[in-house]
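Spelled out, the chains give:
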Amino acid sequence: MLSVKNLSIAYNGVKVVHGIDFKAEKGKVTVLIGANGAGKTSIIRSIMNLIKSESDEILYDGEDIKKTKPNNMSRIGISLCPEGRQLFPDMTVLENLEMGAYARKDKAGIATDLVDILDKFPRLKDRKTQCAGTLSGGEQELLAIARALMGKPKLLILDEPSWGVAPIMVEEVMKMTRHINEEMGVTVLLVEQNANVALRYSDYAYVLDVGEIAIQGTGEALLGDRKVQEIYLGI
Amino acid sequence: MFGELTQQILNGLVMGSYYILIAVGLSIVFGVLSIPHFAHGSVVMVGGYVTFIFVNKLGVPFILAMLISMILCAAFGILLERSAYRPVRNAPPINAFIVALGLVMIIDNLMTSIFGANQVIIKSPFKSTYTIGSAHVTSLRLFMIGACVVLVAALIIFMKYTKLGKAVRATSQNREASLIVGINTNVVTAIVFGLGSAFGAVAGSLIGALFAVYPTMGTFITQKGFAVLILGGLGSIPGAIVGGLIIGLTENLGSMFISSEYKDVFAFLIMIIILIFKPSGLFGGKGK
C-alpha cells in the first residue's frame, strides 16, 4: 500500500534520517518504533509533504506521491492523525468531524459516516456540541482519530497516539486502532514511542535508531527480541 | 444635555460602525496568517479613491461605485498578499512586519504622487436629515450603520454555516491540520484578504463621503483598527465588533464631556485601561 525507498531528511544541513526503506502492507497494521528524536515524526511529515525530504520513491497504491500536495493527500485516501492531535480547538466535536470530511463530495455518504462514527465513539457522541479544546487528552486523541476516519481513508497514519493520553486510555486507543484495521479494512501505519503497547497491536514493526532502521520483524517476534527488550522495553 | 448625549451616542455608533468595518478585515487576516497587516489602512484609502473617481469623475451612482471599489480592492488585497506577504510566510515574523511597513510607504506615496496630498470629498446621494428625538442624523450616517450591520451579519453567517467559512475558521485555528484534512490554505488566505479588503473599501468610500479621503489617512486608520483589534482580542470577530463600538462611543462621549481636542487620546486610553485588566483583550483567548 505504501512503500518508501531511500528516504533521507535533513534540517539545516544536518541529516536526521539516513536513507531508510519501509513498507506498510495492505490490510495490516505496521508500526515504526523509536525513541524521542529518532526521526519518526519527520518521516511522517515528509510522506505527507509537509516538510522537504529526499527519496528514490514513495509509492502509494502503486503511484509516486513525492509531488502530491499535503492538501491533496486526503483526496487520494491518506488520512493523518498527527502528533499532538492538532484539532481545531474552538470548533465543536461535530465541526471537527465535518472538517475531517472536507475533501469529500458525497454528502449522503458523509452524513451516514458521521452517524456511524459517533456510534463507534460514544464518548464523542456525548460531547458532540462541546469545543474540542475542552476535551480530555484521551478524548482529544479519539476525536483526532475519528476526524481522520471521516476522510474515508484507505491508509490511516497515526502519529504517536499515546502522546499525552492517560495509561488506561492508551489501551482503548490501541484497541480502536486494531478495530479500524480489522472491521473497517483500513491499512494502518502507526508511529509510536510506547513500544510495548505498539508491538502487541501491530502485525509488522520497524525499530528506528537515530534515523536508521535497526531491527525489523513481526510484532510478535520483536516482543521476544532481546535487543528490543533491552533498548525499548526496559526489561 | 440629554439631546446632546443622544447626538453623541448616535455619532459614536456611526464611527463605531466605521471602525468595525476596518477591524473585522484586520481581524480575519490576523486570524489566518498571524501577520500585522499594516497596509490595511492604505487599502481602505485606495478604496475611498476608487469610489471618488467613479462618482466624482465618471458620474457613476454612489452605490454602484462602492461595489466596484469593493471588487477592485478585494483584488488589490489578494495581490498584496501574493506579491508581498507570501514570499516571507515561512520567514521570521519580523519580516512580514517590515514588509507591511514598506507597503504602507509605497502605496501612500504612490497615491500622493497621483492624486496630490489634498483631501477630496466623495459626492454622496444621501443628503436627507432625520430627527430622532432631539438628535439629528443624515441618511449617509444611517447608511454607514446599516452597511456595517448587514456586512458583518453576512460575514458571521458565512463563517459559521458555509463550508468555506468553516475552512477559514479551521485554518485560523490550525493551519497544518487544515492542510491535512484537505483545505487549500492558499485559497483561504486569498478569501480573507479579499473579504477584508472589500470591507475596507466600504469603510473608505463612506468615510470619504462623510468627511474626506487623502493619501496619508491609511496610517491613522491602521492605528485605530489595531487599537480596536487589541482591545477586542486579536483575531476575534465579536472582539472587533465590541471593540469598534467601545472606541467609537468613547471618542464621541469623551469629546462631549471632556474635550474634543483629546478625541484620539480616548481610544488609546481605553485600550490601555482594558489591557491592564484583561491583557489578551475582551474576547481574546489564552493567546496562541
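Report on the accompanying structure.

About the criteria used
- Residues numbered from 1 in each chain as written.
- Chains lettered and ligands numbered in written order.
- Predicted model: local features only at pLDDT ≥ 70, side-chain atom pairs only at ≥ 80, totals over all residues.
- Helix = DSSP H or I, 4+ residues; strand = E, 2+ residues; numbered from the N terminus.
- Contact = placed C-beta atoms within 7 Å.
- Core = buried A, V, L, I, M, F, W, Y, C linked by C-beta atoms within 7 Å.
- Buried ≥ 20, exposed ≤ 12 C-beta atoms within 10 Å, placed from the backbone.
- Nonpolar A, V, L, I, M, F, W, Y, C, P; charged D, E, K, R; others polar.
- Axes fitted to C-alpha atoms, helices over the stretch in contact; angles between N-to-C directions.
- Parallel < 35°, antiparallel > 145°, perpendicular 65-115°, else oblique.
- Left-handed = near helix turned anticlockwise from the far one by under 90°.
- Pairing = 2+ DSSP bridges.
- Expected span 1.5 Å × (residues − 1).

## Focus on the overall build of chain A
Then, number 1: Across its full length, chain A carries nine helices and ten strands.
Then, number 2: Along the longest, intermediate and shortest principal axes, the C-alpha atoms of chain A span 45 × 40 × 35 Å.
Then, number 3: Intrachain contacts of chain A at a sequence separation of at least 6 include 66% that bridge at least 24 residues.

## Considering the nonpolar core
All names here are of chain B.
Then, number 1: In this structure, Tyr18, Leu21 and Val202 are the most contacted members of the largest nonpolar core, which totals 159 residues.
Then, number 2: Residue contributions to this core peak at 16 residues, all from helix α1 (residues 2-33).
Then, number 3: Excluding residues that lie within four positions of it along the chain, Val202 makes contacts with Leu21, Met66, Met70, Ala147 and Leu151.

## Brief notes about unusual backbone geometry
All names here are of chain A.
Then, number 1: Its identity is not glycine, yet Asp61 carries a phi of approximately 55°, on the positive side.
Then, number 2: Along the polypeptide, Asp61 turns up in the loop between β4 (57-60) and β5 (63-64).
Then, number 3: A tally of 15 C-beta atoms within 10 Å means that Asp61 is categorised as partly exposed.
Then, number 4: A positive phi angle, near 35°, is found at Val210, a position not held by glycine.
Then, number 5: Residue placement: Val210 occurs in the loop between β9 (204-209) and β10 (212-218).

## Some words on the interface of chain A and chain B
Then, number 1: Listed by partner, the interface residues are 21 residues for chain A and 14 residues for chain B.
Then, number 2: Top contributing element to the side of chain A that touches chain B by residue count: helix α2 (residues 93-100) of chain A, with four residues.
Then, number 3: For the side of chain A that touches chain B, the residue count by class is twelve nonpolar, five polar and four charged.

## Considering the packing of helix α2 (residues 40-57) of chain B against helix α3 (residues 62-85) of chain B
Residue and element names in this part refer to chain B.
Then, number 1: At a minimum axis separation of 8 Å, α2 and α3 run at an interaxial angle of 140°. Judged by the inter-axis angle, α2 sits oblique to α3. The interaxial crossing formed by α2 with α3 has right-handed handedness. Here α2 contributes Val43, Val46, Gly47, Val50, Thr51, Phe54 and Val55 to the contact with α3, which in turn contributes Phe62, Ala65, Met66, Ile68, Ser69, Leu72, Cys73, Phe76 and Gly77.
Then, number 2: Among the residues forming the contact of α2 with α3, the class breakdown is twelve nonpolar, four polar and no charged.

## Comments concerning the pairing of strand β8 (residues 187-192) of chain A
Residues and elements named next belong to chain A.
Then, number 1: In terms of residue burial, β8 counts as a mostly covered element, since six of its six residues are buried.
Then, number 2: Neither face of β8 is exposed, since Thr187, Leu189 and Val191 on one face and Val188, Leu190 and Glu192 on the opposite face are all buried.
Then, number 3: As paired strands, strand β3 (residues 29-34) and β8 are joined by five bridges and run parallel to one another. Across the sheet, Leu32 pairs through a bridge with Val191, a residue of β8.
Then, number 4: Bridge count for strand β7 (residues 155-159) against β8 is five bridges, and the pairing is parallel.

## Describing the packing of α2 of chain B against helix α9 (residues 217-232) of chain B
Residues and elements named next belong to chain B.
Then, number 1: The interhelical angle for the contact between α2 and α9, taken along N-to-C directions, is 125°, at an axis separation of 7 Å. Between α2 and α9, the crossing angle belongs to the class labelled oblique. Considering only the axes of α2 and α9, their crossing is right-handed. For the pair α2 and α9, contact is made by His40, Gly41, Ser42, Val44 and Met45 and by Met217, Gly218, Thr219, Phe220, Ile221, Thr222 and Gly225, respectively.
Then, number 2: Split into classes, the residues belonging to the contact of α2 with α9 amount to five nonpolar, seven polar and no charged.

## Describing the pairing of β10 of chain A
Then, number 1: One ladder, built from six bridges, connects β9 of chain A with β10 of chain A; its direction is antiparallel. Looking across to β10 of chain A, one finds that Tyr206 of chain A is bridged to Gln216 of chain A.

## Some words on helix α5 (residues 137-149) of chain A
Residues and elements named next belong to chain A.
Then, number 1: Across its 13 residues, α5 extends 18 Å between first and last C-alpha, which sits within 8% of the 18 Å expected from 1.5 Å per residue.
Then, number 2: The buried fraction of α5 amounts to twelve of the 13 residues, a majority that puts the element mostly inside the structure.
Then, number 3: Here α5 has its buried residues at Gly138, Glu139, Gln140, Glu141, Leu142, Leu143, Ala144, Ile145, Ala146, Arg147, Ala148 and Leu149.
Then, number 4: Contacts made by the buried residues of α5 are with β6 (78-81), α2, α3 (107-120), α4 (122-126), β7 and α6 (167-184).

## Points about the sheet that holds strand β1 (residues 2-11) of chain A
All names here are of chain A.
Then, number 1: Strand order in the open sheet made by the four strands is β2-β1-β4-β5, with antiparallel pairing throughout. Strands at the two margins of the open sheet, each flanked by one partner only, are β2 (14-24) and β5.
Then, number 2: Pairing of β4 with β5, which is carried by two bridges, proceeds in the antiparallel orientation. Within β5, the position partnered with Leu59 by the bridge is Asp64.

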